[in-house]
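# Per-entry structural report
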Amino acid sequence: MAFLKENKKLVFEALFALLFIGLAIFFLRRERMEIHDVSIILSNANPFWMLLGILVTCLYIFMQGLMYFNSFRAVKGHVSLITTVKVYLKRNFVSVFLPAGGVTSLAFFTKDFEHHNISRTKIHFASSIYAFTGILTVLVVAIPILTWALISRNISSNQVISFGIVCLIVAFLIFAFVSIIRQGFLYRLIIRIGPGVEAFFIEMKSISINKKSYTATFFSSLMIEIIGVTHMMITMKALGFHVTLEASVMAYITSILVLLVSPFLKGLGAIELSMAFILTRFGFSTVDAISITLLYRFFEFWLPLAIGGLSFLFVKNNL
């Protein structure tokens, strides 16, 4: 008992690490069929377009790190780009195993930023800007695309529902921010539940946002959306299919909307099913649509996940 009291933090971290390892084993066993199918597709893909797709994945990871970097610059926090890229990879990895991982993973690995002498308030504020801007640019891209699809009757009810949920999320985030800044209903409710949070809100209100850096954050996020569509087009070329911008954009938007509203495993399974369904509506056979979907997910999901996992193995105490 004395050992547990003296090493409580260490024991908790060890148990937490074991939990994640167990989840990772369960996850890989559950997805072994997809991994097997991806390996077959990779062996049949065009090597040039595969290499280009991997390079675009590297650009995707870099842009995610740059978006974090600009988010910190927006709150006048100075961190290195290498740090933000590393934190993105680690947060992306753990987000697969966390409920609502895209948001909850932002609470992890804050020590990487604290080493740059940045307060916890600025770290959480910058992470909030990163998350909000990511959702905002999805809407900026999705609104005209889905409006056109609605007019041409080339949209499913699931897409409409997902889009509606994302709009509600953005509306709530805006309401929450305004309520906290103006000390409105939500602010008073949070303070009543957790009085200790008030000091955090007071410090957050004192932080001014650098508009130039926020604009850079927004355009970094917009570039990530463009990279996603580019990955879809590269995937089609790699497998020898005719590339259509319309199908690429719609499949990408569908994958992001499903990702944003999926509470577990970053929408794994639901995204593949939705993307394959959308592609069949653009004339691809079911087999071809599944092949495109799996290779796209290799570029945008499995490859960053693998790199993120490796980032834990080569740094002392990271496990």
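A short tour of the structure in this document, coming up. Because the structure is a prediction, the values reported are computed rather than measured.

## Some thoughts on the overall build of the chain
Helix and strand counts for the chain stand at 15 helices and zero strands. By the burial criterion, 45% of the 319 residues in the chain qualify as buried. Partitioning the intrachain contacts of the chain with sequence separation of at least 6 by distance along the chain shows that 73% fall at a separation of at least 24. For the chain, the exposed area adds up to about 16800 Å²; of that, 71% sits on carbon and sulfur atoms.

## Some remarks on the packing of helix H4 (residues 47-74) against helix H12 (residues 211-238)
Interhelical geometry of H4 versus H12 gives an angle of 165 degrees and a closest axis separation of 9 Å. If you check the angle between H4 and H12, you find them roughly antiparallel. Every pair of crossing elements has a handedness; the one defined by H4 and H12 is left-handed.

## Focus: the side chain of Ser 220
For Ser 220, the position within the fold is in helix H12. Residue contacts for Ser 220: discarding those within four places in its chain leaves Met 63, Leu 66, Met 67 and Asn 70.

## Notes on the packing of aromatic side chains
Enumeration according to the criterion identifies seven aromatic pairs in this entry. Centre to centre, the rings of Phe 218 and Phe 219 are 5.6 Å apart; their planes meet at 90 degrees, and the pair counts as edge-to-face. For the ring pair Phe 301 and Trp 302, a centre distance of 5.1 Å and an interplane angle of 85 degrees mean the geometry is edge-to-face. Of note, Arg 297 hangs over the ring of Phe 301, and the distance from its end group to the ring centre comes to 4.6 Å.

## So, helix H5 (residues 81-95)
Think of an α-helix as turning once every 3.6 residues; residues three or four places apart then point the same way. With 15 residues, H5 should reach 21 Å at 1.5 Å per residue; the first-to-last C-alpha distance of 21 Å fits that figure. Judged by how many residues are buried, H5 sits mostly within the fold: 12 of 15 residues are covered.

Parameters at a glance
Residues numbered from 1 in each chain as written. Predicted model: local features only at pLDDT ≥ 70, side-chain atom pairs only at ≥ 80, totals over all residues. Heavy atoms only, no water. Helix = DSSP H or I, 4+ residues; strand = E, 2+ residues; numbered from the N terminus. Buried < 20%, exposed > 50% of the residue type's maximum accessible area, 1.4 Å probe, protein only. Contact = heavy atoms within 4.5 Å. Areas by Shrake-Rupley, 256 points an atom, 1.4 Å probe, with all protein chains shown as cover. Axes fitted to C-alpha atoms, helices over the stretch in contact; angles between N-to-C directions. Parallel < 35°, antiparallel > 145°, perpendicular 65-115°, else oblique. Left-handed = near helix turned anticlockwise from the far one by under 90°. Phe/Tyr/Trp six-rings, centres within 6.5 Å; stacked < 30°, edge-to-face > 60°. Lys NZ or Arg CZ within 6 Å of the ring centre and 35° of its normal. Expected span 1.5 Å × (residues − 1).

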